[in-house]
Amino acid sequence: MDHKLIAPTPPLGWNSWDCYGAAVTEEEIRGNAEYMAKHLKAYGWNYITVDIQWYEPHANSSQYRPFVPLVMDEYSRLMPAENRFPSAAGGRGFKPLADEVHSLGLKFGIHIMRGIPRQAVHAATPILGTSATARDIAHTNSICPWNTDMYGVDASKDGAQRYYDSLFELYAQWGVDLVKVDDIAASRLYDTHQPEIALISQAIERCGRPMVLSLSPGPAPVEYAPFFAEHANMWRVTDDFWDQWPLLRDMFDRCRAWQGVPQPGCWPDCDMLPLGHIGIRSVDGGGSDRWTRFTRDEQLTMMSLWSIFRSPLIFGGELRDCDDWTLSLLTNREVLRMHRESRGAKETLRMGDLIVWTAEDGEGPRYAAVFNVGESPMDLELAAPQIGLTDWTAGTELWSGTPAEVAAGMLRTHVPPHGVRLYRFL
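Residues numbered from 1 in each chain as written. Predicted model: local features only at pLDDT ≥ 70, side-chain atom pairs only at ≥ 80, totals over all residues. Heavy atoms only, no water.

As recorded in an unreviewed UniProt entry, the protein goes by Alpha-galactosidase and comes from Paenibacillus faecis. Taken verbatim from the UniProt record of the protein, the Sequence similarities (unreviewed entry) comment is "Belongs to the glycosyl hydrolase 27 family." As stated in UniProt under Catalytic activity (unreviewed entry), the record for the protein gives "Hydrolysis of terminal, non-reducing alpha-D-galactose residues in alpha-D-galactosides, including galactose oligosaccharides, galactomannans and galactolipids." (UniProt positions renumbered as here; feature names shortened; annotations may be inferred.)

Structure follows, in structure tokens:
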């Protein structure tokens with residue numbers, strides 16, 4: 001199966017981490033799925049993903065409880081905690097919830113940690129389809145520095161591939177459409193875990209169900225771009241991204257480093273969009289229950305950079321609390337068209353606090369995002385060649401819908417601090 005056919009355009013969806021940390025419940029997943037189906041599906045949004053520790057019965061925030069018992073089947077595979085996901089009772093796992101998400105016309109995703117549960121290793125529990133046990137394949141020196149759930153898997157051991165195969169056979173039975181694998185794209189201790197990425201990629205190929213493979217966290221090394229493109233559909237170019245201007249300002253450098261890499265099936269990932277109501281039970285990012293700390297101009301900047309760069313768009317807030325402004329960011333058809341159909345995005349100008357990105361449509365360079373990353377307003381006059389375009393006769397600013405001010409070969413525009421003007425030219 002050509003994994004490039006699985007995500008021919010960058011995925012759009014929702015993930016539970018930014019609002020619920022490790023503690024999301026079935027009711028909250030169902031409620032966000034129903035909102036997406038009603039308000040966002042028509043615009044292309046379709047993935048609903050349960051983030052980390054759905055197998056931890058007493059998870060209560062984004063702070064992990066170390067070395068606690070996890071829910072696991074007899075074959076060393078983690079299972080949903082039934083007190084949080086009641087439909088998983090009786091060994092049904094996530095199939096009932098995935099079926100419900102699918103019935104809404106959406107797709108279902110889960111988060112997993114790289115490796116095999118420590119409790120399986122300590123108990124030497126079996127691995128389905130092999131005589132090897134969890135203890136036989138564990139790489140006990142390969143640990144995650146921020147979560148105690150797993151040991152790494154030693155890819156050289158008999159049974160290692162079979163373990164990952166058994167995981168993805170289970171996920172295929174459940175109806176999973178996207179798997180976000182953590183502690184793998186980059187590691188504070190071990191760099192990129194390429195052998196385990198290869199095991200996982202092979203397991204997806206063998207399971208018989210198309211699944212988007214998303215790798216976290218970053219920053220993934222750009223020199224490994226060919227490897228990531230061969231084995232995965234999404235990979236993080238940053239550590240966890242939150243609603244803080246310095247992190248957004250830094251993303252311009254990260255996108256510049258990865259420009260030219262996005263292509264069908266292979267999407268460098270700028271991480272989730274911390275918009276709307278976040279931090280409900282997630283205390284990461286220096287905050288608690290709140291609305292995004294980004295100003296409206298910063299929100300437009302983030303959406304414009306993610307969209308022209310063609311990062312996956314994964315919303316992090318509680319969808320049911322979206323106000324009209326937040327919803328408008330997710331339902332701008334012309335911006336979403338650029339995200340879906342454009343190509344060749346690149347930074348074409350960086351001059352002081354002025355940064356310009358352009359992208360092509362079917363007829364050549366026609367999109368331009370004019371960013372002001374400084375602290376003062378900018379009044380600009382820009383010639384088309386100056387920002388990498390050939391010419392223009394007319395255009396539209398996509399967020400406001402107002403005509404571009406083009407005269408005598410010059411674009412005149414005003415860009416507020418931390419703001420953007422996003423154009424499509426004729």
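So that's the structure; there's more coming.
Student: Please explain the pattern of salt bridges as it appears in this structure.
Tutor: Side chains bearing opposite charge may pair, as long as their charged atoms lie close to each other. All told, the structure shown has 31 salt bridges when counted by the stated rule. Here arginine 281 and glutamate 28 are joined by a salt bridge, their closest N and O atoms 2.7 Å apart. Of this pair, arginine 281 sits in the loop between β11 (277-278) and β12 (290-291) while glutamate 28 is found in helix α2 (residues 26-39), placing the two residues 253 residues apart along the sequence. A salt bridge links aspartate 183 to arginine 114, with the shortest nitrogen-to-oxygen separation between them at 2.9 Å. Residue aspartate 183 is located in the loop between β7 (178-182) and α7 (194-207), and its partner arginine 114 is located in the loop between β3 (107-113) and β4 (116-117); the two are separated by 69 residues in the primary sequence. Arginine 114 matches aspartate 183 in its accessibility class, with the two residues each being buried. (Salt bridge = Lys/Arg side-chain N within 4 Å of Asp/Glu carboxyl O. Helix = DSSP H or I, 4+ residues; strand = E, 2+ residues; numbered from the N terminus. Buried < 20%, exposed > 50% of the residue type's maximum accessible area, 1.4 Å probe, protein only.)

Student: Mind showing me how you'd approach the state of the cysteines here?
Tutor: Here, the word disulfide means a covalent bond between the sulfur atoms of two cysteines. Inspection of every chain in the model, using the stated rule, returns zero disulfides. Here cysteine 255 stays unpaired: no disulfide links it, and the sulfur of cysteine 270, its closest cysteine neighbor, is 3.6 Å away. For cysteine 255, a relative accessible area of 0% corresponds to the buried category. Its sulfur unpaired, cysteine 322 is 10 Å from the next cysteine sulfur, which belongs to cysteine 19. Exposure remark for cysteine 322: the relative accessible area of 17% places this residue in the buried category. (Disulfide = S-S within 2.5 Å.)

Student: What is the right way to look at unusual backbone geometry in this model?
Tutor: Excluding glycine, a negative phi dihedral is what most residues carry, and trans is how most peptide bonds are arranged. Cis geometry marks the peptide bond from serine 216 to proline 217; its omega dihedral reads -20°. Considering the arrangement of structural elements, one finds proline 217 in the loop between β8 (212-215) and α8 (225-231). Proline 219 follows glycine 218 through a cis peptide bond whose omega is 5°. Within the element layout of this structure, proline 219 appears in the loop between β8 and α8. Even without being glycine, serine 76 reaches a positive phi, approximately 70°. Here serine 76 is to be found in the loop between β2 (47-50) and α3 (95-103). In this structure serine 76 comes out as buried when scored by relative accessible area, which is 0%. In this structure, aspartate 191 is a non-glycine residue whose phi angle is positive, near 65°. Looking at where aspartate 191 falls in the secondary structure, it is placed in the loop between β7 and α7.

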